[in-house]
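# Analysis of the macromolecular model
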Amino acid sequence: MQVRRFTAESTAAALRRVKRELGAEAVILSTNRLGPGRVEVAAAREPAGWGPGTDLGELSDQLKGLGDMLKRHLIKSEAARGFDQRPEVVPLYRHLAEQEVSEPIIAELLDGLVAAGGHSVAPPVAIRIKKMLQVRPAARLGSGRRALWALVGPTGVGKTTTVAKLAASFTLDFRLKVGLITVDTYRIAAPEQLKTYGQIMDLPTLVAADAGELAQALEQLDDRDLVLIDTVGRSPSDGDHLDDLAAVLAGAPGLQTHLVLACPTRESDQQAAVKAFERFDPVSLIFTKLDETTTYGCILNRVTATGKPVSYITFGQRVPEDIEPAAADSLARRLMPARPASPGKAGKE
Ligand SMILES: Nc1nc2c(ncn2[C@@H]2O[C@H](COP(=O)(O)OP(=O)(O)O)[C@@H](O)[C@H]2O)c(=O)[nH]1
Ligand SMILES: [Mg+2]
(Lines give C-alpha, C1' and ligand atoms only; values in the text may rest on other atoms or scores of the structure.)
(Ligands and ions follow the chains in the order given, each with its own letter.)
Protein backbone atom coordinates (compact mmCIF):
# COMPACT_ATOMS: atom_id res chain seq x y z
CA MET A 1 0.00 0.00 0.00
CA GLN A 2 1.46 3.32 -1.00
CA VAL A 3 1.20 6.28 1.38
CA ARG A 4 0.50 9.63 -0.18
CA ARG A 5 0.65 13.04 1.45
CA PHE A 6 -1.80 15.86 0.82
CA THR A 7 -1.13 19.39 1.96
CA ALA A 8 -3.83 22.03 2.17
CA GLU A 9 -4.82 25.08 4.18
CA SER A 10 -7.18 23.11 6.43
CA THR A 11 -7.84 19.50 7.43
CA ALA A 12 -11.20 19.62 5.68
CA ALA A 13 -9.61 20.84 2.43
CA ALA A 14 -6.87 18.18 2.65
CA LEU A 15 -9.50 15.47 3.23
CA ARG A 16 -11.44 16.68 0.20
CA ARG A 17 -8.29 16.25 -1.90
CA VAL A 18 -7.72 12.78 -0.44
CA LYS A 19 -11.27 11.79 -1.33
CA ARG A 20 -10.98 13.24 -4.83
CA GLU A 21 -7.70 11.54 -5.64
CA LEU A 22 -7.90 8.27 -3.69
CA GLY A 23 -11.68 7.77 -3.49
CA ALA A 24 -14.09 7.65 -0.57
CA GLU A 25 -12.51 4.46 0.82
CA ALA A 26 -9.09 6.05 1.36
CA VAL A 27 -7.54 5.21 4.73
CA ILE A 28 -6.38 8.26 6.67
CA LEU A 29 -3.10 7.47 8.42
CA SER A 30 -2.28 10.75 10.08
CA THR A 31 -3.00 14.45 10.07
CA ASN A 32 -0.27 16.87 10.90
CA ARG A 33 -0.39 20.61 11.42
CA LEU A 34 2.67 22.00 9.64
CA GLY A 35 2.08 25.59 10.60
CA PRO A 36 -0.64 28.23 10.45
CA GLY A 37 -2.92 27.42 7.54
CA ARG A 38 -0.95 24.32 6.49
CA VAL A 39 -2.13 20.81 7.23
CA GLU A 40 -0.70 17.57 5.91
CA VAL A 41 -2.81 14.44 5.68
CA ALA A 42 -1.15 11.08 4.99
CA ALA A 43 -3.53 8.65 3.33
CA ALA A 44 -3.50 5.43 1.37
CA ARG A 45 -5.95 3.67 -0.87
CA GLU A 46 -7.62 0.70 0.71
CA PRO A 47 -6.21 -2.52 -0.72
CA ALA A 48 -8.36 -4.06 -3.44
CA GLY A 49 -10.70 -6.77 -2.26
CA TRP A 50 -11.04 -5.35 1.23
CA GLY A 51 -14.72 -5.40 2.05
CA PRO A 52 -17.70 -7.61 2.72
CA GLY A 53 -16.98 -11.18 1.72
CA THR A 54 -13.27 -10.81 2.40
CA ASP A 55 -11.99 -13.95 3.99
CA LEU A 56 -11.07 -13.32 7.66
CA GLY A 57 -7.61 -14.84 7.36
CA GLU A 58 -6.94 -12.60 4.43
CA LEU A 59 -8.30 -9.61 6.37
CA SER A 60 -6.02 -10.24 9.30
CA ASP A 61 -3.08 -10.49 6.89
CA GLN A 62 -4.09 -7.15 5.46
CA LEU A 63 -4.46 -5.65 8.94
CA LYS A 64 -1.03 -6.90 9.84
CA GLY A 65 0.21 -5.24 6.67
CA LEU A 66 -1.48 -2.02 7.72
CA GLY A 67 0.02 -2.29 11.22
CA ASP A 68 3.49 -2.79 9.75
CA MET A 69 2.94 0.13 7.46
CA LEU A 70 1.84 2.37 10.34
CA LYS A 71 4.89 1.31 12.28
CA ARG A 72 7.10 2.15 9.31
CA HIS A 73 5.30 5.47 9.01
CA LEU A 74 5.96 6.24 12.69
CA ILE A 75 9.58 5.18 12.40
CA LYS A 76 9.88 7.31 9.29
CA SER A 77 8.56 10.42 11.03
CA GLU A 78 10.88 9.74 13.96
CA ALA A 79 13.69 9.28 11.43
CA ALA A 80 12.84 12.71 10.09
CA ARG A 81 13.61 14.03 13.57
CA GLY A 82 16.89 12.13 13.57
CA PHE A 83 15.63 9.60 16.12
CA ASP A 84 16.60 6.58 14.02
CA GLN A 85 20.22 7.42 14.88
CA ARG A 86 19.44 7.67 18.60
CA PRO A 87 16.45 5.48 19.47
CA GLU A 88 17.14 6.05 23.16
CA VAL A 89 15.47 9.47 23.00
CA VAL A 90 12.21 8.10 21.58
CA PRO A 91 10.53 7.18 24.93
CA LEU A 92 11.37 10.62 26.28
CA TYR A 93 10.13 12.25 23.10
CA ARG A 94 6.82 10.43 23.49
CA HIS A 95 6.56 11.31 27.17
CA LEU A 96 7.12 15.02 26.52
CA ALA A 97 4.62 14.92 23.65
CA GLU A 98 2.09 13.37 26.06
CA GLN A 99 2.84 16.21 28.47
CA GLU A 100 1.78 18.45 25.57
CA VAL A 101 5.11 20.21 25.37
CA SER A 102 5.10 21.82 21.93
CA GLU A 103 7.08 20.13 19.15
CA PRO A 104 9.72 22.85 18.68
CA ILE A 105 10.42 22.87 22.42
CA ILE A 106 10.78 19.08 22.50
CA ALA A 107 13.16 19.29 19.55
CA GLU A 108 15.23 21.88 21.40
CA LEU A 109 15.25 19.81 24.60
CA LEU A 110 16.43 16.69 22.78
CA ASP A 111 18.73 18.43 20.32
CA GLY A 112 22.03 16.63 19.93
CA LEU A 113 21.57 14.34 22.94
CA VAL A 114 22.81 10.77 22.64
CA ALA A 115 22.95 8.14 25.33
CA ALA A 116 26.70 7.67 25.38
CA GLY A 117 28.09 4.80 27.42
CA GLY A 118 24.65 3.56 28.42
CA HIS A 119 23.77 6.77 30.30
CA SER A 120 20.19 7.95 30.15
CA VAL A 121 19.36 11.13 28.24
CA ALA A 122 16.85 12.07 30.96
CA PRO A 123 19.19 14.01 33.30
CA PRO A 124 20.46 16.44 30.63
CA VAL A 125 16.88 16.97 29.44
CA ALA A 126 15.79 17.75 33.01
CA ILE A 127 18.63 20.28 33.23
CA ARG A 128 17.54 21.89 29.96
CA ILE A 129 13.93 22.09 31.21
CA LYS A 130 15.10 23.79 34.40
CA LYS A 131 17.08 26.32 32.40
CA MET A 132 14.16 26.97 30.10
CA LEU A 133 11.70 27.38 32.97
CA GLN A 134 12.63 30.74 34.28
CA VAL A 135 11.20 30.97 37.73
CA ARG A 136 11.17 34.13 39.75
CA PRO A 137 12.06 33.74 43.37
CA ALA A 138 9.57 35.31 45.79
CA ALA A 139 10.02 39.05 45.44
CA ARG A 140 11.89 40.91 48.11
CA LEU A 141 9.07 42.64 49.90
CA GLY A 142 8.95 44.71 53.03
CA SER A 143 12.01 46.68 51.98
CA GLY A 144 10.30 49.91 52.98
CA ARG A 145 8.65 50.46 49.61
CA ARG A 146 5.07 49.39 49.23
CA ALA A 147 4.56 46.75 46.53
CA LEU A 148 1.43 46.72 44.39
CA TRP A 149 0.44 43.49 42.71
CA ALA A 150 -2.63 42.91 40.57
CA LEU A 151 -3.76 39.48 39.45
CA VAL A 152 -5.35 39.46 36.02
CA GLY A 153 -6.60 36.61 33.87
CA PRO A 154 -9.68 34.84 32.54
CA THR A 155 -12.73 34.23 34.73
CA GLY A 156 -12.66 31.21 37.01
CA VAL A 157 -8.93 30.49 36.83
CA GLY A 158 -8.53 31.13 40.55
CA LYS A 159 -7.49 34.79 40.83
CA THR A 160 -9.47 35.56 43.99
CA THR A 161 -8.44 32.31 45.68
CA THR A 162 -4.80 32.99 44.78
CA VAL A 163 -4.99 36.56 46.14
CA ALA A 164 -6.29 35.08 49.42
CA LYS A 165 -3.51 32.45 49.48
CA LEU A 166 -0.83 35.08 48.81
CA ALA A 167 -2.30 37.41 51.43
CA ALA A 168 -2.27 34.65 54.03
CA SER A 169 1.24 33.55 53.17
CA PHE A 170 2.73 37.06 53.28
CA THR A 171 0.87 37.87 56.49
CA LEU A 172 1.61 34.64 58.35
CA ASP A 173 4.97 33.51 56.95
CA PHE A 174 6.59 36.86 56.24
CA ARG A 175 4.78 39.00 58.82
CA LEU A 176 4.09 41.66 56.23
CA LYS A 177 1.25 44.17 56.38
CA VAL A 178 -1.04 43.26 53.51
CA GLY A 179 -4.03 45.15 52.13
CA LEU A 180 -6.59 43.92 49.63
CA ILE A 181 -8.48 45.71 46.86
CA THR A 182 -10.99 44.33 44.41
CA VAL A 183 -11.21 46.12 41.11
CA ASP A 184 -14.72 45.39 40.02
CA THR A 185 -15.73 47.30 36.93
CA TYR A 186 -19.16 45.70 36.87
CA ARG A 187 -20.23 46.29 40.48
CA ILE A 188 -21.34 42.70 40.79
CA ALA A 189 -21.44 40.62 43.96
CA ALA A 190 -17.98 39.08 43.43
CA PRO A 191 -16.11 41.41 45.84
CA GLU A 192 -17.91 39.63 48.69
CA GLN A 193 -15.67 36.62 48.14
CA LEU A 194 -12.51 38.65 48.75
CA LYS A 195 -14.12 40.60 51.59
CA THR A 196 -14.87 37.33 53.35
CA TYR A 197 -11.24 36.26 53.09
CA GLY A 198 -10.17 39.73 54.20
CA GLN A 199 -12.40 39.50 57.29
CA ILE A 200 -11.11 36.06 58.24
CA MET A 201 -7.52 37.27 58.00
CA ASP A 202 -8.38 40.64 59.51
CA LEU A 203 -6.99 42.55 56.53
CA PRO A 204 -8.36 45.82 55.19
CA THR A 205 -10.32 45.05 52.04
CA LEU A 206 -11.56 47.77 49.70
CA VAL A 207 -13.44 47.90 46.42
CA ALA A 208 -12.65 50.25 43.53
CA ALA A 209 -14.69 50.70 40.36
CA ASP A 210 -12.60 53.33 38.58
CA ALA A 211 -9.13 54.86 38.55
CA GLY A 212 -10.13 57.58 41.04
CA GLU A 213 -11.50 55.08 43.53
CA LEU A 214 -8.40 52.92 43.14
CA ALA A 215 -6.11 55.87 43.83
CA GLN A 216 -8.20 56.67 46.93
CA ALA A 217 -8.11 53.07 48.13
CA LEU A 218 -4.33 53.02 47.71
CA GLU A 219 -4.08 56.17 49.78
CA GLN A 220 -6.04 54.46 52.56
CA LEU A 221 -3.66 51.50 52.39
CA ASP A 222 -0.62 53.72 52.61
CA ASP A 223 0.88 51.86 55.58
CA ARG A 224 0.83 48.43 53.91
CA ASP A 225 3.96 46.56 52.71
CA LEU A 226 1.99 44.83 49.98
CA VAL A 227 -1.34 45.61 48.36
CA LEU A 228 -2.88 42.75 46.43
CA ILE A 229 -5.39 43.77 43.79
CA ASP A 230 -7.95 41.21 42.66
CA THR A 231 -9.74 41.85 39.40
CA VAL A 232 -13.23 40.76 38.46
CA GLY A 233 -14.18 40.23 34.89
CA ARG A 234 -15.93 38.43 32.17
CA SER A 235 -14.32 36.44 29.38
CA PRO A 236 -11.00 37.67 27.96
CA SER A 237 -12.72 38.03 24.59
CA ASP A 238 -14.80 40.81 26.12
CA GLY A 239 -12.57 43.62 24.88
CA ASP A 240 -14.65 46.36 26.53
CA HIS A 241 -14.09 44.82 29.91
CA LEU A 242 -10.33 44.76 29.35
CA ASP A 243 -10.42 48.41 28.25
CA ASP A 244 -12.27 49.27 31.47
CA LEU A 245 -9.85 47.24 33.56
CA ALA A 246 -6.84 48.93 31.94
CA ALA A 247 -8.42 52.32 32.62
CA VAL A 248 -8.92 51.51 36.32
CA LEU A 249 -5.48 50.02 36.81
CA ALA A 250 -4.00 53.21 35.38
CA GLY A 251 -4.93 54.64 38.80
CA ALA A 252 -2.13 52.61 40.40
CA PRO A 253 1.29 53.83 39.31
CA GLY A 254 4.07 51.31 39.95
CA LEU A 255 1.65 48.43 39.75
CA GLN A 256 2.95 45.00 38.74
CA THR A 257 0.48 42.64 37.14
CA HIS A 258 0.68 38.85 37.24
CA LEU A 259 -1.18 36.78 34.70
CA VAL A 260 -3.09 33.84 36.18
CA LEU A 261 -3.62 30.82 33.92
CA ALA A 262 -5.19 27.49 34.81
CA CYS A 263 -3.22 24.40 33.76
CA PRO A 264 -6.29 22.40 32.68
CA THR A 265 -7.25 25.13 30.18
CA ARG A 266 -6.69 23.94 26.63
CA GLU A 267 -3.67 25.19 24.75
CA SER A 268 -5.48 27.43 22.25
CA ASP A 269 -7.56 29.13 24.97
CA GLN A 270 -4.42 29.77 27.02
CA GLN A 271 -2.74 31.31 23.99
CA ALA A 272 -5.78 33.54 23.48
CA ALA A 273 -5.70 34.60 27.15
CA VAL A 274 -2.00 35.46 26.93
CA LYS A 275 -2.74 37.59 23.90
CA ALA A 276 -5.74 39.31 25.49
CA PHE A 277 -3.83 40.21 28.66
CA GLU A 278 -0.57 41.17 26.91
CA ARG A 279 -1.57 44.84 27.21
CA PHE A 280 -1.09 44.64 31.00
CA ASP A 281 2.53 43.61 30.42
CA PRO A 282 2.49 41.03 33.22
CA VAL A 283 5.77 40.58 35.08
CA SER A 284 5.07 36.92 35.79
CA LEU A 285 2.79 33.97 35.15
CA ILE A 286 0.92 32.15 37.90
CA PHE A 287 -0.31 28.65 37.05
CA THR A 288 -3.30 27.31 38.97
CA LYS A 289 -5.14 23.99 39.31
CA LEU A 290 -2.07 21.80 38.84
CA ASP A 291 -4.02 19.28 40.93
CA GLU A 292 -6.65 18.97 38.22
CA THR A 293 -4.33 17.67 35.50
CA THR A 294 -1.30 15.48 34.99
CA THR A 295 -0.23 17.42 31.89
CA TYR A 296 2.11 20.32 32.52
CA GLY A 297 3.57 21.12 29.09
CA CYS A 298 1.59 24.36 29.01
CA ILE A 299 3.95 25.85 31.60
CA LEU A 300 7.00 25.32 29.41
CA ASN A 301 5.06 26.40 26.32
CA ARG A 302 3.86 29.68 27.88
CA VAL A 303 7.20 30.59 29.47
CA THR A 304 8.96 30.02 26.16
CA ALA A 305 6.38 31.90 24.10
CA THR A 306 6.07 34.90 26.44
CA GLY A 307 9.57 35.09 27.89
CA LYS A 308 7.87 35.66 31.28
CA PRO A 309 8.89 33.78 34.39
CA VAL A 310 6.57 31.66 36.54
CA SER A 311 6.18 33.10 40.02
CA TYR A 312 3.69 30.79 41.77
CA ILE A 313 1.85 27.56 41.25
CA THR A 314 -1.34 26.49 43.01
CA PHE A 315 -2.59 22.96 43.37
CA GLY A 316 -5.88 22.93 45.28
CA GLN A 317 -8.72 24.92 46.74
CA ARG A 318 -7.39 25.10 50.28
CA VAL A 319 -6.48 28.59 51.47
CA PRO A 320 -3.68 29.14 52.36
CA GLU A 321 -2.01 25.71 51.94
CA ASP A 322 -2.28 25.03 48.23
CA ILE A 323 0.24 27.51 46.83
CA GLU A 324 4.00 27.44 46.36
CA PRO A 325 6.55 29.81 44.87
CA ALA A 326 7.50 28.26 41.53
CA ALA A 327 10.66 26.14 41.71
CA ALA A 328 12.42 24.90 38.58
CA ASP A 329 13.30 21.60 40.21
CA SER A 330 9.80 20.56 41.14
CA LEU A 331 8.30 21.82 37.87
CA ALA A 332 10.89 19.87 35.87
CA ARG A 333 10.07 16.80 37.95
CA ARG A 334 6.40 17.13 37.02
CA LEU A 335 7.29 17.28 33.34
CA MET A 336 9.71 14.36 33.31
CA PRO A 337 8.84 10.66 33.45
CA ALA A 338 8.22 9.53 37.04
CA ARG A 339 11.16 7.12 37.08
CA PRO A 340 13.80 8.21 34.63
CA ALA A 341 15.79 5.16 33.60
CA SER A 342 18.97 5.70 35.54
CA PRO A 343 21.42 2.84 35.05
CA GLY A 344 23.27 3.86 38.20
CA LYS A 345 20.23 3.30 40.35
CA ALA A 346 18.85 0.23 38.61
CA GLY A 347 18.04 -2.56 41.03
CA LYS A 348 18.97 -0.54 44.11
CA GLU A 349 15.46 0.53 45.04
N1 LIG B 1 -8.63 22.40 42.08
C2 LIG B 1 -8.29 23.68 42.22
N3 LIG B 1 -9.26 24.61 42.28
C4 LIG B 1 -8.90 25.90 42.43
C5 LIG B 1 -7.55 26.31 42.50
N6 LIG B 1 -7.53 27.66 42.62
C7 LIG B 1 -8.82 28.06 42.62
N8 LIG B 1 -9.66 27.02 42.51
C9 LIG B 1 -11.12 26.99 42.45
O10 LIG B 1 -11.54 27.55 41.22
C11 LIG B 1 -12.79 28.21 41.38
C12 LIG B 1 -12.70 29.63 40.87
O13 LIG B 1 -11.78 30.34 41.68
P14 LIG B 1 -11.81 31.92 41.83
O15 LIG B 1 -10.67 32.29 42.74
O16 LIG B 1 -13.17 32.40 42.22
O17 LIG B 1 -11.50 32.33 40.32
P18 LIG B 1 -11.49 33.79 39.66
O19 LIG B 1 -12.77 33.94 38.89
O20 LIG B 1 -10.31 33.81 38.74
O21 LIG B 1 -11.38 34.78 40.77
C22 LIG B 1 -13.12 28.13 42.88
O23 LIG B 1 -13.98 27.05 43.08
C24 LIG B 1 -11.76 27.86 43.51
O25 LIG B 1 -11.87 27.17 44.73
C26 LIG B 1 -6.53 25.28 42.43
O27 LIG B 1 -5.32 25.53 42.48
N28 LIG B 1 -6.97 24.00 42.29
MG1 LIG C 1 -12.63 36.30 41.35
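Let me sum up the structure you'll find in this document.

What counts, and where the lines are drawn
Residues numbered from 1 in each chain as written. Chains lettered and ligands numbered in written order. Predicted model: local features only at pLDDT ≥ 70, side-chain atom pairs only at ≥ 80, totals over all residues. Heavy atoms only, no water. Helix = DSSP H or I, 4+ residues; strand = E, 2+ residues; numbered from the N terminus. Contact = heavy atoms within 4.5 Å. Areas by Shrake-Rupley, 256 points an atom, 1.4 Å probe, with all protein chains shown as cover. Core = buried A, V, L, I, M, F, W, Y, C linked by side-chain atoms within 4.5 Å. Buried < 20%, exposed > 50% of the residue type's maximum accessible area, 1.4 Å probe, protein only. Salt bridge = Lys/Arg side-chain N within 4 Å of Asp/Glu carboxyl O. Pairing = 2+ DSSP bridges. Axes fitted to C-alpha atoms, helices over the stretch in contact; angles between N-to-C directions. Parallel < 35°, antiparallel > 145°, perpendicular 65-115°, else oblique. Left-handed = near helix turned anticlockwise from the far one by under 90°. Near = heavy atom within 4 Å. Polar contact = N/O pair within 3.5 Å; in protein donor to acceptor, adjacent residues only side chain to side chain. Nonpolar A, V, L, I, M, F, W, Y, C, P; charged D, E, K, R; others polar.

Let us look at the overall build of the protein. If you tally the helices and strands in the protein, you get 12 helices and 11 strands. Long-range pairs, those at least 24 residues apart, make up 69% of the contacts in the protein between residues at least 6 apart in sequence. Just so you have it, the protein exposes about 18,300 Å², and 51% of that area is on carbon and sulfur atoms.

Another aspect to go through is the nonpolar core. One finds Ile129, Ile181, Leu214, Phe287 and Ile299 to be the most contacted residues of the largest nonpolar core, which totals 58 residues. Examining the composition of this core, we find that five residues originate from one element, helix 5 (residues 122–132), more than from any other. Listed in part, the 23 residues of the second largest apolar core include Trp149, Ala164, Met201 and Leu203.

Under the defined criterion, the tally for this structure stands at nine salt bridges. Measuring nitrogen to oxygen at the nearest pair gives 3.7 Å for the salt bridge that ties Glu21 to Arg17. Here Glu21 pairs with Arg17, and both are found in helix 1 (residues 11–22), just four residues apart, close to one helical turn. Its salt-bridge partner being Arg279, residue Asp243 comes within 2.9 Å of it at the nearest N-O pair. Within this pair, whereas Asp243 is found in helix 9 (residues 239–249), its partner Arg279 is found in the loop between helix 10 (267–277) and strand 9 (284–288), the two being separated by 36 residues in sequence. Here Asp243 falls in the partly exposed class, since its relative accessible area comes to 41%. The exposure class assigned to Arg279 is partly exposed, which follows from its relative accessible area of 45%. When salt bridges that share partners are traced, they join Arg4, Arg17 and Glu21 into one network.

Glancing now at the sheet that holds strand 2 (residues 27–35). The three strands are arranged 1-3-2 in an open sheet whose pairing can be described as antiparallel. With one partner strand each, in any of the chains shown, strand 1 (3–8) and strand 2 form the two edges of the open sheet. Strand-to-strand twist of the sheet, defined as the mean angle between neighbouring strand axes without regard to direction, takes the value 20°. The pairing of strand 2 with strand 3 (residues 38–44) spans seven bridges and is antiparallel. Within strand 3, the position partnered with Thr31 by the bridge is Val41. Relative to strand 1, helix 1 is tilted by about 140°, and along the sheet it contacts strand 1, strand 2 and strand 3.

This next bit is on the packing of helix 4 (residues 103–110) against helix 5. Running from N to C, helix 4 and helix 5 point in directions that differ by 125°, and their axes come no closer than 9 Å. It follows that helix 4 is oblique to helix 5 by the angle criterion. Note that helix 4 runs across helix 5; the crossing there is right-handed. Only Val125, Arg128, Ile129 and Met132 of helix 5 make contact with helix 4, whose side of the interface consists of Ile105, Glu108, Leu109 and Leu110.

Once that is clear, we can look at the side chain of Thr161. Inspection of the secondary structure assignment puts Thr161 in helix 6 (residues 159–172). Not counting the four nearest positions on each side in its chain, Thr161 is found in contact with Gln193, Tyr197, Gln317 and Val319.

Attention shifts here to the pairing of strand 5 (residues 178–184). With seven of seven residues buried, strand 5 lies mostly within the body of the structure. Residues Val178, Leu180, Thr182 and Asp184 point to one face of strand 5 and Gly179, Ile181 and Val183 to the other, with burial holding for every one of them. In terms of strand pairing, strand 5 meets strand 7 (residues 226–232) through seven bridges, oriented parallel. In the sheet register, Asp184 faces strand 7, and the bridge partner there is Val232. As paired elements, strand 5 and strand 6 (residues 205–208) share four bridges and run parallel to each other. Its bridge partner lying in strand 6, Ile181 is registered against Leu206.

Our next topic: unusual backbone geometry. Pro320 follows Val319 through a cis peptide bond whose omega is 5°. Among the structural elements, Pro320 can be located in the loop between strand 10 (310–314) and strand 11 (323–325). Even without glycine at this site, Asp281 takes up a positive phi of about 45°. The phi torsion at Lys289 lies on the positive side, around 60°, for a residue other than glycine. The residue Lys289 is located in the loop between strand 9 and helix 11 (297–306) in this model.

This part is about the site of ligand 1. Taken together, 17 residues form the shell around ligand 1, and within it Gly156, Lys159, Thr161, Asp291 and Thr314 come nearest. A distance of 2.7 Å separates a nitrogen atom of ligand 1 from a polar atom in the side chain of Asp291. Interatomic distance of 3.0 Å between a side-chain N/O atom of Gln317 and an oxygen atom of ligand 1. Within the complex, the protein chains bury 80% of what would otherwise be the 580 Å² of accessible surface of ligand 1. Take the shell around ligand 1: its biggest share by element is four residues, from helix 6. When the residues that make up the shell around ligand 1 are grouped by side-chain class, the tally is three nonpolar, nine polar and five charged.

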